[in-house]
Structures are given as C-alpha cells and as structure tokens.
Amino acid sequence: MKKIFSAITLILLATLLVCSVFGCNNPQGEENPPSPPPAEQDTTIFVANNGYIVGLTDYGKTLTEIEIPDKIDGKTITIIGEDAFLNNDKVTKITLPNTVKVIEKGAFYKCTALTEINLPNSLESIGEQAFAYCEKIIYIILPESIKTIEMCTFLHCSRLAIINLENVDYISDSAFERCTSLLNVVFSESLEYIGANAFRATGGLTSIKIPDSVIFIGANAFADCTSLTSIEIPNSVTSILSG
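All figures in this text were calculated on a predicted structure; none of them were measured in a lab.

The rules we used
Residues numbered from 1 in each chain as written. Predicted model: local features only at pLDDT ≥ 70, side-chain atom pairs only at ≥ 80, totals over all residues. Heavy atoms only, no water. Helix = DSSP H or I, 4+ residues; strand = E, 2+ residues; numbered from the N terminus. Buried < 20%, exposed > 50% of the residue type's maximum accessible area, 1.4 Å probe, protein only. Contact = heavy atoms within 4.5 Å. Pairing = 2+ DSSP bridges. Polar contact = N/O pair within 3.5 Å; in protein donor to acceptor, adjacent residues only side chain to side chain. Phe/Tyr/Trp six-rings, centres within 6.5 Å; stacked < 30°, edge-to-face > 60°. Lys NZ or Arg CZ within 6 Å of the ring centre and 35° of its normal. Salt bridge = Lys/Arg side-chain N within 4 Å of Asp/Glu carboxyl O.

Draft legend 1. Inspection of the overall build of the protein chain at higher detail. For the protein chain, the count of helices and strands is one helix and 19 strands. Residues counted as buried form 40% of the 243 residues belonging to the protein chain. Counted over contacts in the protein chain with a minimum sequence separation of 6, partners at least 24 positions apart contribute 26%.

Here it is, written out as structure tokens:
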C-alpha cells in the first residue's frame, strides 16, 4: 500500500514540475501569445454628409476649441446643420471656414461656454435661434452679406455687448431679446422692419436712433429697456404696434 502511495506522490510531483516548466495549458512548451494592444481612440470630430455638418461625435463633444475644415471626405463644407452643436457646454471657440454659406436653425443653440466664433464672408444666412442662449458671447461681427436677423437668433445672449447691424435690412421678432449687456446699436440706412420684442429687455441701451428707412416697428420692440432715455422715430414709420 505504501508503495502505491509513493508512486502516486511521485506522479503528482512530476506533473507539477512539468507544469512549472512548460505550463499546464501549453503542453507543447510554446510561449503564450502576447496580449493585443489597447484599441486606439477614435478622434473623428464631425458627423458630416456631403458638405453638411450634421453634428459632433462623442469625441468632438469633449473639445473646447473646434476648427471646422473647408472639406470633409472631399466635400466642401457649406452648411452648419440644424442643432449641430445643440446644448454643447464644452466648446469655447469655434472657427468656421470661408466656405460656409448657411447656419441653420438652432445650430449653436445653448452653447453655454462659447465665447468666440467667426462668421465668414461666405455666409449668406443665419437661421432662427442659431445662437440663442449662448450666454458668454461678448461680440459678433456680421459679414456684409447678412441682411436679415431671423426670429430669436440672439435671444438671451446675456453678455453680448457689441454687434454690427449696419448692413441689416430686417430684424425679426425677439432677435435680440434679453441681450442685457448690449450697449449700442447702429442701424443700417436701409433697415425697414423691426419685429416684436426685437430688443426687449436690452438693459444696456441708453439711446436709439431709428433710420428714415424704417416703416414698421413691432409690439414691445423696445419694452423693458430700463436704461433707455431717448429714442428717435422718423416720419417714415407707418406702423408701431402696441404691446
């Protein structure tokens, strides 16, 4: 019996010795294959389709500064799509290429950290609410090609202090409502229309001179402008709606 036990013990010891030398899961003594390298992070920034910026990738949404190239996948970028940067709370600076012609509705809506964006000379139109609630933008330089400010385009841009309107012919409803830091506006001599609530609660304005070209002023266009002490309205205005 003792001989059997000794034989079994020797077999077990031999097995352990083989496993320690060659590896139990690799009986032929081959080296274990190396672990695969970690997957590289996808650094694609934009979701784009045929020259149209649809939005940002998950990686793109983490960036604080974004420069949009003039081409993606060989297609010239001409449109920043509806809601493309919607509710982005990371990006502080955006650079647009001089190929963009259209910024669609809500494209930069509630980009709450955005402080700087260039609007290229190629730009032809800016959609409704495109920059609404961009609360940290201080200045906007509009290209000469922008003739219309759509409804609520700059609604509640509470730090917007400077914007050039010398080439704008039409200012829609609530375009600058609650831009509480807006200090001064110089209107185009070809401006015809100022919509309802267009400058409502722009508390920084102290005086307004409406050019002779204006024929319509909507309801409450300058309501709640608490610092406004004077406003000049020309005889050309044929309609002023009450609020």
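Draft legend 2. Region of the structure containing the environment of Asp 42. Residue position: Asp 42 is located in the loop between helix 1 (2-22) and strand 1 (46-49). Sequence separation between Asp 42 and Tyr 59 is 17 residues, and the spatial gap between their C-alpha atoms is 7.3 Å.

Draft legend 3. Looking closely at the pairing of strand 1. By the bridge criterion, four bridges tie strand 1 to strand 2 (residues 52-56) in an arrangement that is antiparallel. Bridge pairing in strand 2 links Ala 48 to Ile 53. A loop of two residues connects strand 1 with strand 2, the two strands running antiparallel in sequence, and Asn 50 in this loop sits at a positive phi of about 55°.

Draft legend 4. Examining the side chain of Thr 153 more closely. Tracing the backbone through its elements, the reader meets Thr 153 in the loop between strand 12 (148-149) and strand 13 (162-163). Since its relative accessible area comes to 1%, Thr 153 is described here as buried. In terms of polar contacts, Thr 153 uses its side chain to reach the backbone carbonyl oxygen of Glu 150, at 2.8 Å. Setting aside residues no more than four positions away along its own chain, Thr 153 makes contact with Ile 126, Gly 127, Glu 128, Gln 129, Ala 130, Phe 131, Ala 132 and Ala 175.

Draft legend 5. View of the pairing of strand 2. Two strands pair when backbone bridges link them, and strand 2 and strand 6 (residues 79-80) are joined in this way by two bridges, in the parallel orientation. Bridge assignment links Ile 53 to a residue of strand 6, and that residue is Ile 80.

Draft legend 6. Molecular detail of the packing of aromatic side chains. All told, the structure shown has ten aromatic pairs when counted by the stated rule. Each ring, one from Phe 199 and one from Phe 222, has its centre 5.5 Å from the other, and the planes form 5°; the classification is stacked. Of this pair, Phe 199 sits in the loop between strand 15 (193-194) and strand 16 (207-209) while Phe 222 sits in the loop between strand 17 (216-217) and strand 18 (230-232), placing them 23 residues apart in sequence. Given the relative accessible area of 0%, Phe 199 is considered buried. Within the aromatic cluster, the residues linked to one another by ring pairs are Phe 85, Phe 108, Phe 131, Phe 154, Phe 176, Phe 187, Phe 199 and Phe 222. The side chain of Lys 110 reaches across the aromatic face of Tyr 133, ending 5.7 Å from its centre.

Draft legend 7. Representation of the pattern of salt bridges in the model. The full count for this structure, using the stated rule, is two salt bridges. Residues Asp 89 and Lys 90 are paired through a salt bridge, measuring 3.4 Å at the closest nitrogen-oxygen approach.

Draft legend 8. Quick look at the sheet that holds strand 15. Pairing within the open sheet is parallel, and its five strands lie in the order 12-14-15-17-19. At either end of the open sheet lies a strand with only one pairing partner, and these are strand 12 and strand 19 (239-240). In the sheet, strand 12 pairs with strand 14 (residues 170-171) via two bridges, with the strands oriented parallel. Residue Thr 148 lies in a different strand from strand 14, and its bridge partner there is Tyr 170.

Draft legend 9. Summary view of the side chain of Ser 188. Inspection of the secondary structure assignment puts Ser 188 in the loop between strand 14 and strand 15. Separated by 2.7 Å, the side chains of Ser 188 and Ser 190 make a polar contact. When near neighbours in sequence (up to four residues on either side) are disregarded, Ser 188 contacts Leu 165, Glu 166, Asn 167, Val 168, Asp 169, Pro 211 and Ser 213.

Draft legend 10. Representation of the sheet that holds strand 9 (residues 116-117) within the structure. Reading across the sheet, the three strands line up as 3-7-9 and stay open at both edges, with parallel pairing between neighbours. Since the sheet does not close on itself, it has two edges, and those belong to strand 3 (65-67) and strand 9, each with one partner. Summarising the sheet, strand 7 (residues 93-95) and strand 9 pair through two bridges and their orientation is parallel. Following the sheet pairing, Lys 93 is matched in strand 9 by Glu 116.

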